[in-house]
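A structural walkthrough
If you want the building blocks of each chain, they are given just below.
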Amino acid sequence: MERICVYCGSSPGSEPEYARTADRLGKALAQSGIGLVYGGGNIGMMGILANSVVKHNGEVTGVITHHLFEMEVAFKEQIDLRVVETMHERKAMMADLADGFIALPGGFGTMDEMFEVLTWAQLNLHQKPCGFLNVNGYYDKLIEFVHQMMDKQFVASECENLIHIADSPSELIKAFRGHQPLNNDKGAWAKALAAKRCDSVRAS
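Heads up: these notes are all about the structure in this document. (Residues numbered from 1 in each chain as written. Predicted model: local features only at pLDDT ≥ 70, side-chain atom pairs only at ≥ 80, totals over all residues. Heavy atoms only, no water.)

What follows is about the overall build of the protein chain. Across its full length, the protein chain holds eight helices and seven strands. Within the protein chain, the fraction of its 204 residues that count as buried is 46%. Taking the contacts inside the protein chain whose residues are at least 6 apart along the sequence as the reference set, 70% of them involve residues at least 24 apart. Summing over all exposed atoms, the protein chain offers an accessible surface of approximately 10,700 Å²; the carbon and sulfur share of this is 51%. (Helix = DSSP H or I, 4+ residues; strand = E, 2+ residues; numbered from the N terminus. Buried < 20%, exposed > 50% of the residue type's maximum accessible area, 1.4 Å probe, protein only. Contact = heavy atoms within 4.5 Å. Areas by Shrake-Rupley, 256 points an atom, 1.4 Å probe, with all protein chains shown as cover.)

Structure (structure tokens):
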């Protein structure tokens, strides 16, 4: 595993532990020889994370839009900074550069980015590990909702194996190294679930 993409907030959040965990994750990536791919910002969790990787002599690749670069929120020192035109380009490049994806606490952007790569994994468009760093229970209710989606048969139960959840960076990196993707029969589980739904409709 050469690079991990980390999605996180441009705010430090309300609890000091969020920032501390971003710092610990940066250190863990650098000490594990894993490069960071992230959104290129110098503020909030993003800035803390990138600074930590740089401080511990790790490699950082930032991907930021021209609009945000012009707003001077980019981390411009000691990293490989790529400037693109649109958010779609930004997300696609970050995904292409990474061998796995981690969500630290964050807001709408973090959710958008993480659930996009989870959807791609669900469709077997990639087999890279995806995980949430559940700092101080930040993702407890989200995880509960994911289970509800499975219970209500909008997401196949097999997809639970796509999501790694851990409280610490070292634990999540270890889980990524042992990641087992869904079987290689592209979309087979999805076809089976669709057939099951059609049977349910016919039965009603």
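Here we come to the pattern of salt bridges. A full pass over the atoms with the stated rule returns six salt bridges. One salt bridge in this structure joins R20 and E17, with 2.9 Å as the shortest N-O distance. Of this pair, R20 and E17 are both found in helix α1 (residues 16-31), three residues apart, which corresponds to roughly one turn of the helix. Taking relative accessible area as the criterion, E17 reaches 18% and is therefore assigned buried. Note that R24 and E17 form a salt bridge whose closest N and O atoms lie 2.2 Å from each other. A residue is classified by how much of its surface remains accessible, and R24, at 38% relative accessible area, is partly exposed. What you see here is one network of salt bridges that share partners, running through E17, R20 and R24. (Salt bridge = Lys/Arg side-chain N within 4 Å of Asp/Glu carboxyl O.)

A separate point is a negative patch on the surface. Among the surface-exposed residues, D140, E144, D167 and E171 lie close enough to one another that they form a single negatively charged patch. Looking at the secondary structure, you find D167 in the loop between β7 (163-166) and α7 (169-177). Residue classification places D167 among the exposed residues on the basis of a relative accessible area of 56%. (Patch = residues over 30% accessible without salt bridge, like charges linked within 9 Å, V, L, I, M, F, W, Y side chains within 5 Å. Lys, Arg positive; Asp, Glu negative; His and termini not counted. Charge placed at Lys NZ, Arg CZ, Asp CG, Glu CD.)

To continue, consider the sheet that holds strand β4 (residues 80-84). Read across the open sheet, the seven strands follow the order β4-β3-β2-β1-β5-β6-β7; overall the sheet is parallel. Edge strands, defined here as strands with exactly one partner in the open sheet, are β4 and β7. Between one strand axis and the next, the sheet turns through 25° on average, direction left out of account. Looking at chain direction, strand β2 (residues 35-38) and strand β3 (residues 60-65) are connected through three bridges and run parallel. Paired with Y38 across the two strands is G62, which belongs to β3. (Pairing = 2+ DSSP bridges. Axes fitted to C-alpha atoms, helices over the stretch in contact; angles between N-to-C directions.)

Another aspect to go through is empty space enclosed by the protein. By the definition in use, this model includes one cavity of 30 Å³ or more. Approximately 40 Å³ is the volume found for the largest cavity. Residue lining of the largest cavity: A121, N124, H126, Q127, K128, L162, H179, P181 and L182, and that is the complete set. Here the lining of the largest cavity is built from residues that sort into four nonpolar, four polar and one charged. (1 Å grid on protein atoms, 1.4 Å probe; cavity = no way out; pocket = protein on both sides within 12 Å on 5 of 7 lines; lining within 4 Å. Points joined across faces, edges and corners; volume = space filled by probe spheres on them. Nonpolar A, V, L, I, M, F, W, Y, C, P; charged D, E, K, R; others polar.)

Each regular strand displays side chains that alternate between the two surfaces of the sheet. Counting buried positions over the five residues of strand β1 (residues 3-7) gives four, a clear majority of the element. Of the pairings in the sheet, the one linking β1 to β2 comprises three bridges and is parallel in character. Each residue of the ladder has a partner; that of C5, found in β2, is V37.

With respect to the element layout, N134 can be found in the loop between β6 (130-133) and α6 (140-151). Those residues within four positions of N134 in sequence are excluded, and the remaining contacts are Y139, D140, I143, I165, A166 and D167.

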